[in-house]
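Here are the chains, one letter per residue:
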Amino acid sequence: MHEASIAREILDTALAAAPNASIAVRKVTIVTGTFAGIEPSCLSLYFDLLAENTQAAGACLEVVPQSAAMVCTACSARQELVDLDSLIAACRICGQPNRIEGGHELYVRSIEVEE
Amino acid sequence: MKIEVGKAILHLNDQQSRDNLGKYRARRLVGINVLASPGAGKTSVILQLLDRLSADFSVGVIEGDVASSIDTETVRSRGYPAVQINTHGGCHLDARMVSDAVDQLEQAPGGYFFIENIGNLICPTQYHLGESLRVVIASVPEGDDKPAKYPGVFTTADCVVLNKSDLMGAVSFSLARFEGFLRTANPDTPLFVVSCTTGEGLDDLAAWLRENSPRPGQ
């Protein structure tokens, strides 16, 4: 349920990025890593509610997933980790342990405002 | 019109976390963030560590709970300072809450304090609190598949504690399976198998914390 706090921060960040306080924000794009622990539909629900009566009212919240990677500690073979279910301990090529890289991204990439 | 932003969603918490670290350092304190699901034994492990660290350092606890001050009273009854944070439904501690709580923590300079987070393996993960170390606790009765089901929090652990080892024979639990799942999420984090009932592993855990955190006062 921390999506409520995250939605609040997204809205505040988006409003602060708008060129002025009267221009309408149409779209907010965020990037969330595999391990960010964000449930997009829940996040959108809170975002829509919090954005009511602000200049971002009705804005579309676009959630762009960013994959973590599993990188072999021995041969450096790299494999995308799209979702948590595809985590594997051993490298597919040489069988040595994988290390996880990235996946904790959580940032506002851009906003779109009315022309 | 598109405007590039490129700003961390939790940038305010991240900034507060950095401010917290400065505040802890000014008091020559080292913060340790303890994450686990409800009932894993966070308070019990913390109490064992307080007993092992208090001979050489000042110690204290910030207790995070949705409701009640049961844990704070337990810690205080053992003679250690503690401050309670109640989130009233909130699922994680944030850096601002901990900053305010540290101001109330009556702990002498030169030591360690533990931040017992809300029992939750998801929401607290992204919130840095100015800690120097992050300890993730799992326990035997929860099952050996915890790191597979909640890998995110285990990827951020500086060390992992498997508590209630004395129940290993009483419930179905494979240490090899647990460790296999843990290694998938985090190949090189140290794992301490402990029991607050028998005392197993707790001296090693306390020693590791001392060796792998910044020395209080430096």
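Here the structure is shown first, and the text comes after it.
In this text, all values refer to a predicted model and were calculated from it rather than measured experimentally.

A. Highlighting the nonpolar core. In this structure, Ile32(B), Leu50(B), Phe114(B), Ile137(B), Leu205(B) and Leu209(B) are the most contacted members of the largest nonpolar core, which totals 31 residues. Put simply, the parts of the chain that give this core at least two residues each are β2 (29–36), α2 (42–53), β3 (58–65), β5 (111–116), β6 (133–139), β7 (159–163) and α8 (202–212) of chain B. Not counting the four nearest positions on each side in its chain, Phe114(B) is found in contact with Ile32(B), Val34(B), Ile46(B), Leu49(B), Leu50(B), Leu53(B), Gly60(B), Val61(B), Ile62(B) and Leu209(B). Ala14(A), Ile23(A), Phe47(A) and Ala51(A) belong to the second-largest nonpolar core, a separate cluster that totals 26 residues.

B. Representation of the packing of aromatic side chains. All names here are of chain B. Tallied over the entire structure, the rule returns four aromatic pairs over all chains. A ring pair is formed by phenylalanine 57 and tyrosine 112, whose centres lie 5.0 Å apart and whose planes are at 80 degrees; its orientation type is edge-to-face. You can see phenylalanine 57 sitting in the loop between α2 and β3 and its partner tyrosine 112 sitting in strand β5, a full 55 residues away along the chain. Given the relative accessible area of 14%, phenylalanine 57 is considered buried. On the accessibility criterion, tyrosine 112 (1% relative accessible area) is buried. Residues phenylalanine 173 and phenylalanine 178 carry aromatic rings whose centres are separated by 5.8 Å and whose planes lie at 35 degrees to one another, so their mutual orientation is tilted. You'll find phenylalanine 173 and phenylalanine 178 in the same group, each marked buried.

C. Spatial organisation of the sheet that holds strand β5 (residues 98–101) of chain A. All names here are of chain A. One open sheet holds the three strands; their spatial order is β4-β3-β5, and the pairing between them is antiparallel. Here the strands that pair on one side only, and so sit at the sheet edges, are β4 (78–81) and β5. Within this sheet the neighbouring strands show an average axis-to-axis angle of 30 degrees, counted without direction. Note: strand β3 (residues 68–72) against β4, four bridges, orientation antiparallel. Within β4, the position partnered with alanine 68 by the bridge is leucine 81.

Conventions and cut-offs
- Numbering of residues starts from 1 in every chain and runs along the sequence as written.
- The order in which chains are written sets their letters, starting at A; the order in which ligands are written sets their numbers, starting at 1.
- Totals for whole chains, interfaces and linings use every residue, but because this is a predicted model, local features are given only for residues with pLDDT of at least 70 and side-chain atom pairs only at 80 or more, for both listing and counting.
- The side-chain numbers reported here are obtained from all heavy atoms of the structure, hydrogens and water having been left aside.
- Grouping buried Ala, Val, Leu, Ile, Met, Phe, Trp, Tyr and Cys residues that are joined through side-chain atoms within 4.5 Å yields what is termed a nonpolar core.
- Burial classes follow relative accessibility: with a 1.4 Å probe on protein chains only, a residue under 20% of its type's maximum area counts as buried, one over 50% as exposed, and anything between as partly exposed.
- The secondary structure listing takes helices from DSSP runs of H or I that are at least 4 residues long and strands from runs of E that are at least 2 residues long, numbered from the N terminus.
- For this analysis, residues touch if any pair of their heavy atoms sits within 4.5 Å.
- Centres within 6.5 Å make a pair out of two Phe, Tyr or Trp rings, where for Trp the six-membered ring is used; the pair is then stacked when the planes are under 30 degrees apart, edge-to-face when over 60, and tilted otherwise.
- Strands are labelled as partners when DSSP assigns at least two bridges between them.
- Helix axes are fitted to C-alpha atoms over the stretch in contact, other axes to C-alpha atoms as well, and angles between N-to-C directions run from 0 to 180 degrees.

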